[in-house]
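The chain contents come next:
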Amino acid sequence: MKPKEKKQKPTYNVWQNTVYVMKNAWQTDKPMVIRMMVVIIASVAASLVQLYLPKTVVQLVTDQVTITELAIYIAVFSVVLGLFEALKIRHEMLQQLPRVGQRLSYCERINNKILQTDFVNLGKSDFEQATQKAQLLVNNNDSPTEAIFACIQTFIISIIGFLVYLLLLTSINPTILALVVCCTVISFFLRRKVNQWIHDNDEIGTKGWNRLGFIYDAGNDASYAKDIRLFALGDWLQDIYHSSRKIIDDFQKQGCTKQFWVDFFDALAAFLREGAAYAYLIWLVLDRGLPVDQFVLLFAAIAGFSNWILSILEQYNTLHKYSLDLCRLREFLDYPDIFNHDGTKIEKADSYTLELRDVSFCYDGTTKNVLEHINLTIHAGEKLAVVGLNGAGKTTLIQLLCGLYDPTEGEVLLNGKNIKQYDRGEYYKLFTAVFQDFSILPISIAENIASAEKEQVDYKRVEECMELADIADKIHSLPEKENSLMVKEVNLDAVSLSGGETQRLMLARALYKNAPILLLDEPTAALDPIAENKMYEHYNNLSKGRTSIYISHRLASTRFCDRIVMIADQKIAEMGTHAELMALGGKYAELFEIQSQYYKENVEEGAENE
Ligand code: ADP
């Protein structure tokens, strides 16, 4: 038995969620909603024609009309019935694709949420869980976001059917009607209880089946064969097999017994319901002179009436389940974004000065600060290097600077103003970057560099940036040059670039974006030493007209920067030019010596091996 979870009140009720999906459907696909209405009307109408056909036949026979007249009546009824059925089937069929479309529109909303949400949310475990749950609700044709429309449609048909039949049955004794309602409702709830029991105890059966499966696989697995023989595990496995079978048998027996009693009650209820209705109607015919055609009509109406009730309850049950699922989807879509998204623009300036003022930062779900009381001003046009050991907090520092995270304490200032007051999307426009993880899209190289569609790409600028990033020769050697497609998983004829080439491509993309601040997070990590050296030589060109912040754990690679900031023990340990820091003889100098020694030894070793 699963432990009972504490029930939380759903964020939206069935009615609110039904209105929500129907409103979205109306806004995105009106014809689908109109088709739903047509199916509803045609279904109720077809059911009424079916109800009146036998009554009319009996009436005509009683009135002793000619065979031709009878045949005409039956033909007319059949044609009308056929028309309604055809209308129903056609519009039901035409709804299939639009319903898939509705599901895909929720897929799109989920994707949009993931793409647009604050970066900080992506690292939160509850956001990740909410994403996974939401994605489960849009992944196949049985998903609630698609199946709910059929459910709403049948639910409305049942309600209208119920009301119409109730109107027809007003002449009937209310006690008989109450009996019909009671028997149907009790049958429904008993069946639901058994299904719930099977669902709740499903784990017991699954446990048995899993164990059986494991023993069966182990028997067939050669790697188990030796141990089974040497350790005499055979009998023991057989015992587990038998005990697992017993678990499954007991579970199924219990389920069958419960099912039997429900079926038995169902039959009893049907007997009671129909017996009482029959007896009552026969009494009406014999005692009150109810015409036979009325008898036929009312009898069929009573059976139909109980079917409508059953259908209402079943559909409501399903709708309730879908509604709970939709709550999860909507909770995900409503997941709060904390950054400012109100569109507040940043005042245009000739230069931008960035400042971290007493900034401390702790990642969500952790307790230790990664950075503590950082004070750092970065002037316009400056070439700043951030160095430190792996895990020192260098990436975190630039992510705070560019607004991907907000400090836990302290503030980030742009030209003296806290960046929180600006629209975060606007703030991101100030930055361009090469991060450690690459994000290549399945489009052409030029489109990747420009981060834009083909028509908007400035090919001259693409060329310049490829030259600056030292990737132009490679791209020119490709058959389709900068129009070559990327990502083999999507484009079969896509080109493959090495890690170093991809990193240079990312650099070209960063240079293409005309932003005043350039962030480079270990941009040479995937480059060979020659390419790396070339990049240092051209660094002035790369960062021309921009403020640049260059992260590296290799101290030798930062000598060309104006200022070096060394992060250690969550703080700025040292700050200055390469010469100043070497003269200081502190952590930087120590690390620099160790690293140069290591690289020298590696080079010598490499030379000896050659
Ligand atoms: P560096 O760039 O100097 O190698 P980072 O800034 O990437 O260091 O990481 C600093 C510390 O923060 C590391 O201990 C790392 O494990 C931790 N860290 C990085 N990202 C996260 C995250 N999303 N959640 C929790 N801890 C993180």
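Residues numbered from 1 in each chain as written. Predicted model: local features only at pLDDT ≥ 70, side-chain atom pairs only at ≥ 80, totals over all residues. Heavy atoms only, no water.

## Some details on the layout of surface pockets
The volume enclosed by the second largest pocket comes to roughly 1,400 Å³. Residue lining of the second largest pocket: 37 residues in total, with Leu404, Tyr428, Phe435, Ser439 and Arg509 positioned closest to the centre. Looking at the lining of the second largest pocket, the elements with two or more residues in it are helix H4 (96-116), helix H5 (119-122), helix H13 (394-401), strand S6 (431-434), helix H15 (445-450) and helix H18 (499-512). Looking at the lining of the second largest pocket, its residues break down into 20 nonpolar, 10 polar and seven charged. (1 Å grid on protein atoms, 1.4 Å probe; cavity = no way out; pocket = protein on both sides within 12 Å on 5 of 7 lines; lining within 4 Å. Points joined across faces, edges and corners; volume = space filled by probe spheres on them. Helix = DSSP H or I, 4+ residues; strand = E, 2+ residues; numbered from the N terminus. Nonpolar A, V, L, I, M, F, W, Y, C, P; charged D, E, K, R; others polar.)

## Examining the site of the ligand
Looking at the ligand, the residues that line it are Tyr363, Val370, Leu389, Asn390, Gly391, Ala392, Gly393, Lys394, Thr395, Thr396 and Tyr405. Residue alanine 392 places a main-chain N or O atom 3.1 Å away from an oxygen atom belonging to the ligand. Residue glycine 393 places a main-chain N or O atom 2.9 Å away from an oxygen atom belonging to the ligand. Protein contact buries 60% of the 560 Å² of open area that the ligand shows by itself. Grouping the amino acids of the shell around the ligand by side-chain chemistry returns five nonpolar, five polar and one charged. (Near = heavy atom within 4 Å. Polar contact = N/O pair within 3.5 Å; in protein donor to acceptor, adjacent residues only side chain to side chain. Areas by Shrake-Rupley, 256 points an atom, 1.4 Å probe, with all protein chains shown as cover.)

## Re the packing of aromatic side chains
Counted according to the given criterion, the structure contains 22 aromatic pairs. Aromatic pair phenylalanine 188 and phenylalanine 189: ring centres 5.0 Å apart, planes at 80°, arrangement edge-to-face. For phenylalanine 189, a relative accessible area of 39% translates into the label partly exposed. Cluster of aromatic residues (ring-pair linked, three or more members): Phe119, Phe361, Tyr363 and Tyr405. Sitting over the ring of tyrosine 12, arginine 330 keeps its end group 3.5 Å from the ring centre. The cationic tip of arginine 330 hangs over the ring face of tyrosine 20; the distance from NZ or CZ to the ring centre is 3.8 Å. (Phe/Tyr/Trp six-rings, centres within 6.5 Å; stacked < 30°, edge-to-face > 60°. Buried < 20%, exposed > 50% of the residue type's maximum accessible area, 1.4 Å probe, protein only. Lys NZ or Arg CZ within 6 Å of the ring centre and 35° of its normal.)

## Brief notes about the pattern of salt bridges
Scanning the model with the defined rule gives 25 salt bridges in all. Its salt-bridge partner being arginine 99, residue glutamate 92 comes within 3.2 Å of it at the nearest N-O pair. The closest approach of N and O atoms between aspartate 266 and arginine 191, which form a salt bridge, is 2.5 Å. Here aspartate 266, found in helix H11 (residues 234-288), pairs with arginine 191, found in helix H8 (residues 174-200); they are 75 residues apart in sequence, far enough to count as distant. Exposure remark for arginine 191: the relative accessible area of 27% places this residue in the partly exposed category. Each of Arg191, Asp263 and Asp266 takes part in salt bridges that share partners, so that together they form one network. (Salt bridge = Lys/Arg side-chain N within 4 Å of Asp/Glu carboxyl O.)

## Some thoughts on the nonpolar core
Where a protein is soluble and globular, its nonpolar side chains tend to be buried together. One finds Ile445, Ile449, Leu507, Leu520 and Tyr588 to be the most contacted residues of the largest nonpolar core, which totals 43 residues. Looking at this core element by element, the count peaks at seven residues for H18. With near-sequence residues (within four places) excluded, tyrosine 588 lies in contact with Val387, Leu555, Thr558, Ile564, Met566, Glu574, His578, Leu581 and Met582. (Core = buried A, V, L, I, M, F, W, Y, C linked by side-chain atoms within 4.5 Å. Contact = heavy atoms within 4.5 Å.)

## A closer look at the environment of tyrosine 73
Mapped onto the secondary structure, tyrosine 73 falls in helix H3 (residues 67-93). In the structure, tyrosine 73 is positioned 377 residues away from alanine 450 in sequence and 73 Å away in space, judged by C-alpha atoms. In this structure tyrosine 73 touches Thr56 and Leu60, once residues within four positions along its chain are discounted.

## Some words on the sheet that holds strand S7 (residues 517-521)
The strands making up a sheet associate through backbone hydrogen bonding, with each pair oriented either parallel or antiparallel. Pairing in this open sheet of six strands is mixed, and the strands run S6-S7-S8-S3-S9-S10 from one edge to the other. Two strands lie at the open edges of the sheet, namely S6 and strand S10 (571-576), each paired on one side alone. Each strand of the sheet is rotated relative to its neighbour by a mean of 20°, with strand direction disregarded. Both strand S3 (residues 383-387) and strand S9 (residues 563-568) contribute to a ladder of four bridges, which runs parallel. Directly across from leucine 384, in S9, lies its bridge partner arginine 563. Where H13 meets the sheet, its contacts fall on S3, S6, S7, strand S8 (547-552) and S9, and the angle it forms with S8 comes to roughly 155°. On top of the sheet, H18 reaches S6 and S7; it is set at about 175° to S6, its chief contact. (Pairing = 2+ DSSP bridges. Axes fitted to C-alpha atoms, helices over the stretch in contact; angles between N-to-C directions.)

## Some words on the pairing of S8
Burial of S8 is extensive: six of the six residues sit out of reach of the surface. Side chains Thr547, Ile549 and Ile551 project from S8 onto one buried face, and the interleaved Ser548, Tyr550 and Ser552 project onto a second face that is buried too. Relative to S8, S3 runs parallel, the two being bridged by five bridges. The residue bridging leucine 384 from the neighbouring strand is isoleucine 549, located in S8.

## Quick look at the confidence of the model for the protein chain
In this model, the protein chain carries an average pLDDT of 88, and 97% of its residues clear a pLDDT of 70 or more. Taken element by element, the protein chain is modelled with least confidence in helix H22 (residues 587-609), mean pLDDT 68, and with most confidence in helix H1 (residues 14-28), mean pLDDT 96. (pLDDT = per-residue confidence, 0-100.)

## Some thoughts on the environment of alanine 25
Looking at the element boundaries, alanine 25 is found in helix H1. As a C-alpha pair, alanine 25 and arginine 99 span 74 residues in sequence and 9.0 Å in three-dimensional space. If near-sequence neighbours (up to four positions away) are discounted, alanine 25 is found in contact with Lys30, Met32, Val33, Gln102 and Phe149.

## Some details on the side chain of asparagine 448
For asparagine 448, the position within the fold is in helix H15. Looking at asparagine 448, its side chain comes within polar contact range of the main-chain nitrogen of leucine 441, at 3.0 Å. Other than its neighbours up to four places away in sequence, asparagine 448 contacts Ser439, Ile440, Leu441, Ile443, Met486 and Arg509.

## Description of the sheet that holds strand S2 (residues 371-378)
If you trace the four strands from one edge of the open sheet to the other, you get S2-S1-S4-S5, paired in antiparallel fashion. Only two strands of the sheet have a single neighbouring strand rather than two, namely S2 and strand S5 (417-418).

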